[in-house]
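# Structural features, examined
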Amino acid sequence: MVLSDRSIKEQMMTGRIRIEPFDPEDIQPSSVDLHLGPRFQVFRNSRYPYIDPSREQAGLMELVEATAGEPFVLHPGEFVLGATVERVVLPDDIVARLEGKSSLGRLGLLIHSTAGYVDPGWDGTLTLELSNVANLPIVLTPGMPVGQISFTQMTTAVDRPYGTPGLGSRYQGQVDPTPSRSFKNR
């Protein structure tokens with residue numbers, strides 16, 4: 001079942017769900033608003049002739065930082081990685097779902113391609129897969145509300161939460177937008 005605002009508050013009061021930093025004003029009827037961090041991973045198009053998911057391609061992406069005075073401009077058709085300001089920590093019996101803010105979606109901003117699912121046991125910021133599907137550039141200002149996270153109570157706790165040794169959890173503890181580690185699939 002999806003947690004209501006009341007249940008989210010209860011889970012946070014007991015420390016089972018943690019969101020840091022947290023502002024109570026960010027609680028919505030069945031979700032919590034999350035904010036855009038200042039760092040972005042952008043592709044260095046001149047570095048490689050193509051992307052090969054099976055190989056580590058050092059330098060494929062470059063970390064850039066935006067500020068309120070100098071925000072990041074996401075051009076039409078462009079894809080970059082961003083991250084939430086907030087660190088999210090989940091217990092072993094709650095799964096979360098990350099979605100974009102509908103007001104931004106109506107402007108053409110998508111915040112994830114496939115990474116909207118947050119496993120039980122997760123601990124870290126959330127990498128955002130930012131795409132501009134509009135035909136005008138979109139200004140992304142650090143700190144702006146960019147998404148919302150909802151929580152679902154599972155029927156039981158999982159046997160192996162995300163981050164369990166041997167599970168292959170590649171992104172546990174991330175603090176910045178983290179490029180793909182698909183090359184570790186071999």
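As shown above, the structure is provided for reference.
Residues numbered from 1 in each chain as written. Predicted model: local features only at pLDDT ≥ 70, side-chain atom pairs only at ≥ 80, totals over all residues. Heavy atoms only, no water.

### Overview of the overall build of the chain
Within the chain, the regular secondary structure consists of 2 helices and 12 strands. For the chain, the N- to C-terminal ordering of α and β elements is α-β-β-β-β-β-β-β-α-β-β-β-β-β. By the compact-globule yardstick of 16 Å for 186 residues, the chain fits well, its C-alpha radius of gyration being 17 Å. Projected onto the principal axes, the alpha-carbon positions of the chain cover approximately 50 × 40 × 25 Å. (Helix = DSSP H or I, 4+ residues; strand = E, 2+ residues; numbered from the N terminus. Rg over C-alpha atoms; globule rule 2.2 N^0.38 Å.)

### A few points about the packing of aromatic side chains
In the structure shown here, the tally under the stated rule is 3 aromatic pairs. Between phenylalanine 40 and phenylalanine 72 the ring centres are 4.3 Å apart and the planes differ by 20°, which places this aromatic pair in the stacked class. Of this pair, phenylalanine 40 sits in strand β3 (residues 39-43) while phenylalanine 72 sits in strand β5 (residues 72-74), and the two are 32 residues apart along the sequence. Overall, the relative accessible area of 0% leaves phenylalanine 40 in the buried class. In this structure phenylalanine 72 comes out as buried when scored by relative accessible area, which is 12%. (Phe/Tyr/Trp six-rings, centres within 6.5 Å; stacked < 30°, edge-to-face > 60°. Buried < 20%, exposed > 50% of the residue type's maximum accessible area, 1.4 Å probe, protein only.)

### Section: the nonpolar core
Soluble, globular proteins show a tendency: their nonpolar side chains are buried together. Counting 35 residues, the largest nonpolar core has Leu90, Leu109, Leu130, Leu140, Ile149 and Phe151 as its most contacted members. Beyond its immediate chain neighbours, meaning those up to four positions away, leucine 130 contacts Leu36, Phe40, Leu74, Glu78, Phe79, Val80, Gly82, Leu109, Leu110, Ile111 and Leu140. (Core = buried A, V, L, I, M, F, W, Y, C linked by side-chain atoms within 4.5 Å. Contact = heavy atoms within 4.5 Å.)

### Observations regarding helix α1 (residues 5-13)
Among the residues of α1, those classed as buried are Ile8, Gln11 and Met12. Seen along its axis, α1 keeps its buried residues to an arc of 100°; they face one direction. Exposed and facing more than 90 degrees away from the buried side of α1 are Arg6 and Met13. Tucked inside the fold, the buried residues of α1 contact β1 (18-20), β2 (32-35), β7 (94-100) and β12 (145-153). Positioned one or two residues after α1, glycine 15 has a phi angle of 85°, which is positive. (Arc of directions from axis to C-beta.)

### What about the sheet that holds β2?
The strand order β2-β12-β7-β9 describes an open sheet built from 4 strands, whose pairing is antiparallel. In the strand order of this sheet, the two ends are held by β2 and β9 (117-118), each with one partner. Of the pairings in the sheet, the one linking β2 to β12 comprises 4 bridges and is antiparallel in character. Note on β12: the bridge partner recorded for leucine 34 is glycine 147. (Pairing = 2+ DSSP bridges.)

### Observations concerning the layout of surface pockets
Left-over empty space is what a probe sized like a water molecule reveals as it rolls over the atoms. Computed from the structure, the largest pocket encloses a volume of approximately 860 Å³. Breaking the lining of the largest pocket down by element, the ones donating at least two residues are β3, β6 (79-89), β9 and β10 (123-132). With 3 residues, the top contributor of residues to the lining of the largest pocket is β10. Considered class by class, the residues forming the lining of the largest pocket number 18 nonpolar, 9 polar and 6 charged. (1 Å grid on protein atoms, 1.4 Å probe; cavity = no way out; pocket = protein on both sides within 12 Å on 5 of 7 lines; lining within 4 Å. Points joined across faces, edges and corners; volume = space filled by probe spheres on them. Nonpolar A, V, L, I, M, F, W, Y, C, P; charged D, E, K, R; others polar.)

### As for the side chain of threonine 178
Here threonine 178 is to be found in the segment after β12. Judged by its relative accessible area of 12%, threonine 178 falls in the buried class. A polar atom in the side chain of threonine 178 sits 3.0 Å from the side chain of glutamine 174. For threonine 178, the residues in contact, after removing those within four places along its chain, are Leu81, Thr127 and Tyr171. (Polar contact = N/O pair within 3.5 Å; in protein donor to acceptor, adjacent residues only side chain to side chain.)

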